[in-house]
Amino acid sequence: MMQTGDRGLSEEQRMMRDACRAFVDDYVAPFIRDHWQREWLMTPEERLPSSILEQADRIGVRTLGIPEEFGGTPIEAAEEVQTFAIIAEEIARGDSGLADKLVQIWKVSVLLRNVASRNLQEAWFPRIVADPAFLLAHCLTEPRGASDRWLPYNVPEAAMNTKAELRGDRWIINGRKQFISNGYDAKLFVVYANTDPRAGMLQGTSSFLVPRETQGLTIQRCNETMGGRFMNNGEIVFEDMAVPEDHLLVKGDALSKAGVYFRPGKIIQAAKNLGVGVSAFEKTAEYVQNYVQGGRILIKHQAVALRVADMATRIAAVRAILREASAAVDANAADADALCNMAKLFASEEIFKVAQHAMELHGGNGVMLDFGVEKLLRDAAIFLHMDGTTDVSKFKIVKALFRETAGAYAGPET
Ligand SMILES: Cc1cc2nc3c(=O)[nH]c(=O)nc-3n(C[C@H](O)[C@H](O)[C@H](O)COP(=O)(O)OP(=O)(O)OC[C@H]3O[C@@H](n4cnc5c(N)ncnc54)[C@H](O)[C@@H]3O)c2cc1C
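Residues numbered from 1 in each chain as written. Predicted model: local features only at pLDDT ≥ 70, side-chain atom pairs only at ≥ 80, totals over all residues. Heavy atoms only, no water.

**Brief notes about the site of the ligand**
For the ligand, the set of nearby residues contains 23 residues, the closest of which are His 138, Thr 141, Ser 147, Ser 181 and Thr 389. Within the backbone of Leu 140, an N or O atom sits 2.9 Å from an oxygen atom of the ligand. Among the elements of the structure, strand E1 (136-139), helix H7 (147-150), strand E3 (170-180) and helix H14 (390-401) are those that each provide at least two residues to the shell around the ligand. The dominant element in the shell around the ligand, judged by the number of residues it contributes, is H14, at three residues. (Near = heavy atom within 4 Å. Polar contact = N/O pair within 3.5 Å; in protein donor to acceptor, adjacent residues only side chain to side chain. Helix = DSSP H or I, 4+ residues; strand = E, 2+ residues; numbered from the N terminus.)

And the structure:
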C-alpha cells in the first residue's frame, strides 16, 4: 500500500507529504485516540484544540492556494491540484473533519486568486496567513436548492432564493444558506446570490466576499453531523446585509466562474475520502494480524483475508482514478470535468464499502465509540452527500460526456 502512495511523487511532494505524515502521526492521531469524546462536545468551538490548527500552520499546510507574494505556501503550479490531493489524503488519514476545515482555505483561496480584485486580495490574504484560526467558507446551498443547481436547470424558477440588490454603493443581500462547511466559525465567506430574477441561474447569479462581522449576517446554528465532526458545518442568515460594492466578486456568471473552485474541490474531496479509507485499512491490517479468534490470528481465516484483499483493491482503484483525474485538472484537459466528478463519486462509494469491511472485521470492537473504528464509517458516509449527491454527480458525468443529448432535463423538450 505504501508503495503505490509513493509512486510518481516529486521531491517537493514527498517532502510535504512526509511533514504532513509526521504531523498526523505525532499530533492528530494521538489526539483523536486519547480524546475520542471530544467530537461529541455540544459546544462546537471546544471540540478541536487551537494547538492542532497552529501546528498545521507551522508546517505550512493551512495556507496552500494562497499566492506566495501574500505569504502562502509555495508549491509547483503545474502540479498544484495533484499536491492538494496528496496533502488532503494525508490529513484525512488523521481526521476527516480537520481536513475539511483546512481544505476550504485552499479551495476558496484558489477561487479568490482567480476572481477577487487586487485590492481585496491585498486586504484579505495577509490576514488569513497571519491567523492560524482563520477559516474560509463557500456558501451556495440553500433550503430549496442544491443538487439541481449543479445540473443546472438554467431557468428562472430554479434560481437562488438568496437575492442581492444594488442600492447606492452597497449590495443588499437577503436569504439563507445551509450545510456550509466552516459556516459556524469562518471569518470570511463567499456568498452566491441572485442578481437578475428574470435570467437563468447561469446568467443571474453573482458572488460576493462577506466578512463575518458584516451587519445583517447571523450564524444561526452549527449542524451536528454524524461524521467529520471536527469541521463545524453551519447555517447562515442574511437580513438586509449591506456589502460594499467592491466586494462583488463575479457579476452574473458566478456559477460558471466557480469551476476553478469545483474542479480542485472534487479532487480534494476524493483525496480526503481516500485518506479515510487508508486509515481504515491501516487499523484493520494491524488488528487482523494481532487479534486471535479460534486459536489463530484473524487474517489466517480465509473469509477475513478475502475482505482485506477487497479493501486493498478498492483503495488502489480509488488512488488510480484520483491520480488520473488530478493530473487532468492540472493539465486543464478537456475530460477534466468528467474525471473529477468520477473520482469524487467513485471514492465515496468504494471507501464507504472499505469502512464497512473495517467495522465488520473488528467485530464488536468495530461499533464501540472508544475503539475508534466506527468513526471511519461515519466519516465515510458524509462523502456520499458532500459537494453534490452521488446521483447528481452521475448526471454531471453523463452531461460532460454527452453535452448535446444529455444536456437538459428541465423546461420545454428540445
Ligand atoms: C458535510 C457537508 C458539508 C457541506 N458543505 C457545503 C459547503 O461548504 N457549501 C455549500 O454550498 N454546500 C455544502 N454542502 C451541501 C451539499 O453540497 C448538499 O448537501 C448536496 O449538494 C445535496 O443537496 P441537498 O442536501 O439539498 O439535497 P437535495 O438536493 O434535497 O437532494 C435530496 C435527494 O434528491 C436527489 N435530487 C435532488 N434534486 C435532484 C434532481 N434535480 N434530479 C435528481 N435527483 C435529485 C438527490 O440526489 C438526493 O438523493 C455540504 C453538505 C454536507 C453534508
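Picking up after the structure, the text goes on.
**Some remarks on the packing of aromatic side chains**
This model, assessed by the stated rule, comprises nine aromatic pairs. Ring geometry for Phe 23 and Tyr 27: centres 6.2 Å apart, planes at 40°, overall tilted. Separated by four residues within a single helix, Phe 23 and Tyr 27 lie in helix H2 (residues 11-34), roughly one turn from each other. Classification of Tyr 27 by relative accessible area gives partly exposed; the value is 39%. In this structure an aromatic cluster arises from ring pairing among Tyr 287, Tyr 291 and Phe 371. The ring of Trp 124 carries the charged tip of Arg 127 above its face, separated from the ring centre by 4.2 Å. (Phe/Tyr/Trp six-rings, centres within 6.5 Å; stacked < 30°, edge-to-face > 60°. Buried < 20%, exposed > 50% of the residue type's maximum accessible area, 1.4 Å probe, protein only. Lys NZ or Arg CZ within 6 Å of the ring centre and 35° of its normal.)

**A word on the pattern of salt bridges**
Proximity of charged atoms lets side chains of opposite charge pair with each other. A full pass over the atoms with the stated rule returns 31 salt bridges. Among the ionic pairs, Arg 93 bridges to Glu 90, the shortest N-O distance being 2.8 Å. Here the residue Arg 93 and the residue Glu 90 both occupy positions in helix H4 (residues 80-94), the gap between them amounting to three residues, near one helical turn. In this structure, Lys 375 engages Asp 379 in a salt bridge whose closest nitrogen and oxygen atoms are separated by 3.0 Å. Taken together, the residues Lys 375 and Asp 379, both in helix H13 (residues 374-382) and four residues apart, mark about one turn of the helix. Via salt bridges that share partners, Arg 21, Asp 25, Glu 90, Arg 93 and Glu 282 belong to a single interconnected network. (Salt bridge = Lys/Arg side-chain N within 4 Å of Asp/Glu carboxyl O.)

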